[in-house]
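These are the residues of each chain, in order.
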Amino acid sequence: LDAGSGSGLFSLAARKLGARVHSFDYDQQSVACTQELKRRYFADDSDWTVERASVLDTDYLDRLGRFDVVYSWGVLHHTGKMWVALNHISTLVQSNGQLFIAIYNDQGWTSRYWGAIKRMYVRYPAMRWPLLLIHALYPLLPSWLLRTVTEKRLERGMSLWHDHIDWIGGYPFEVARADVIFRFFRDKGFVLRELRTTRGLGCNEFVFVRSPIYS
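Since the structure is predicted, the reported quantities are computational estimates derived from the model, not experimental observations. (Residues numbered from 1 in each chain as written. Predicted model: local features only at pLDDT ≥ 70, side-chain atom pairs only at ≥ 80, totals over all residues. Heavy atoms only, no water.)

### A closer look at the overall build of the protein chain
Of regular secondary structure, the protein chain possesses 9 helices and 7 strands. A compact globule built from 215 residues would reach a C-alpha radius of gyration of about 17 Å, and the protein chain, at 18 Å, matches this within 12%. In terms of overall dimensions, the protein chain has C-alpha extents of about 50 × 40 × 35 Å along its principal axes. Considering the protein chain as a whole, with its 215 residues, one finds that 39% of them fall into the buried category. Once local pairs closer than 6 in sequence are excluded, the contacts in the protein chain between residues at least 24 apart make up 70%. Counting every atom, the protein chain has about 12500 Å² of accessible surface; 54% of that belongs to carbon and sulfur. Of the side-chain charges in the protein chain, 27 are positive and 22 negative, and the distance between the mean point of each set is 4 Å. (Helix = DSSP H or I, 4+ residues; strand = E, 2+ residues; numbered from the N terminus. Rg over C-alpha atoms; globule rule 2.2 N^0.38 Å. Buried < 20%, exposed > 50% of the residue type's maximum accessible area, 1.4 Å probe, protein only. Contact = heavy atoms within 4.5 Å. Areas by Shrake-Rupley, 256 points an atom, 1.4 Å probe, with all protein chains shown as cover. Lys, Arg positive; Asp, Glu negative; His and termini not counted. Charge placed at Lys NZ, Arg CZ, Asp CG, Glu CD.)

Here's what the structure looks like:
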């Protein structure tokens, strides 16, 4: 299950590895992109389904059943109801199944600052260009210098300017410390298998396994 499939690249990778895949996203353009990838590589394939839906829609989720692998990477913190979404996603994992999630790290006042900037960008269109230009000093300028000095290729597949817009305008925006996410899923019967944390702006990344005892 690719919950919040976005471009559909991860769904495509899973299908190429032989998995039966169900993809869904709330954003219609993301759904269209995923559908286009399916058309190009797995047209008329009954083992890959793509739908438009919300992870907050319990009626929809109840119809899906459970999955061996549930993947929701950098998605749930953009729903506006992150903890509700995390709870919903936990119910979709089969006994001994794996859950892959990435959630923005809580940096305290820094995260509060970025939340305010993103909210302002979305609510007040007249402020968008000023906010983009002001924050060109950070984080855009350091990213550009790093790329120029090291000749490092972009990892996200978009230009630095579009990456900048994506960051400043990425709202809703919620965060959580790694230990808080760990305890949340531990109390639901999940065991932490892999963890990669960050001290910066990025995401804490988790792989959980659902214990059969709690399933």
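### Points about helix α8 (residues 160-168)
Considered for burial, the residues of α8 that qualify are Leu160, Asp163, His164, Trp167 and Ile168. One side of α8 holds all its buried residues, which, seen down the axis, span an arc of 125 degrees. (Arc of directions from axis to C-beta.)

### Here's the deal with the environment of Ala32
Here Ala32 is to be found in helix α2 (residues 28-42). A residue is classified by how much of its surface remains accessible, and Ala32, at 38% relative accessible area, is partly exposed. In the structure, Ala32 is positioned 40 residues away from Ser72 in sequence and 18 Å away in space, judged by C-alpha atoms.

### Description of the pairing of strand β6 (residues 190-196)
Two strands pair when backbone bridges link them, and β6 and strand β7 (residues 203-210) are joined in this way by 6 bridges, in the antiparallel orientation. Among the inter-strand pairings, Glu194 is bridged to a residue of β7, identified as Val207. Here β6 folds back onto β7, and the loop between the two strands holds 6 residues. (Pairing = 2+ DSSP bridges.)

### Quick look at the nonpolar core
Core analysis: the biggest nonpolar cluster contains 28 residues, and Phe24, Leu76, Leu99, Ile101 and Ile181 have the highest contact counts within it. Counting residues per element, the ones that place at least two in this core are α3 (58-64), β4 (67-73), α4 (82-90), β5 (93-104), α9 (178-186) and β7. Not counting residues up to four positions away in its chain, the partners in contact with Leu99 are Val70, Ile89, Val93, Phe185, Phe190, Phe206, Val207 and Phe208. Core analysis: the next-biggest nonpolar cluster, separate from the first, contains 10 residues, Tyr104, Trp167, Phe173 and Val175 among them. (Core = buried A, V, L, I, M, F, W, Y, C linked by side-chain atoms within 4.5 Å.)

### Here we look at the pairing of strand β2 (residues 21-25)
The two faces of the sheet receive side chains in turn, since in a regular strand these alternate between them. Of all 5 residues that make up β2, 5 are buried, and the element is covered over most of its length. Taken together, the 2 bridges between strand β1 (residues 2-3) and β2 define a ladder with parallel strand orientation. When the bridges of β2 are listed, Asp2 appears paired with Ser23. Tracing the backbone out of β1, into helix α1 (residues 9-16) and back to the parallel element β2 gives a crossover that is right-handed. Summarising the sheet, β2 and strand β3 (residues 48-52) pair through 5 bridges and their orientation is parallel. Residue pairing across strands places Phe24 opposite Glu51, the latter belonging to β3. (Right-handed = clockwise from strand over helix to strand, strands pointing away.)

### Some words on the packing of helix α5 (residues 109-123) against α8
Orientation of α5 relative to α8, taken along the N-to-C sense of each, is 100 degrees, at an axis distance of 8 Å. By the angle between their directions, the pair α5 and α8 is classed as roughly perpendicular. Counting all contacts with α5, which are made through Trp114, Ile117, Lys118 and Tyr121, the residues of α8 involved are Ile165, Trp167 and Ile168. Tallied by class, residues from the contact of α5 with α8 come to 6 nonpolar, no polar and 1 charged. (Axes fitted to C-alpha atoms, helices over the stretch in contact; angles between N-to-C directions. Parallel < 35°, antiparallel > 145°, perpendicular 65-115°, else oblique. Nonpolar A, V, L, I, M, F, W, Y, C, P; charged D, E, K, R; others polar.)

### Side note on the pattern of salt bridges
By the definition in use, this model includes 9 salt bridges. The salt bridge involving Arg39 is made with Glu36; its shortest N-O contact spans 2.6 Å. With Arg39 and Glu36 both in helix α2 and 3 residues apart, the pair spans about one turn of that helix. Between Asp179 and Arg177 there is a salt bridge, with its nearest N and O atoms 2.9 Å apart. A relative accessible area of 41% means that Arg177 is categorised as partly exposed. Beyond isolated ion pairs, a larger network of salt bridges with shared partners links Arg15, Asp45 and Asp47. (Salt bridge = Lys/Arg side-chain N within 4 Å of Asp/Glu carboxyl O.)

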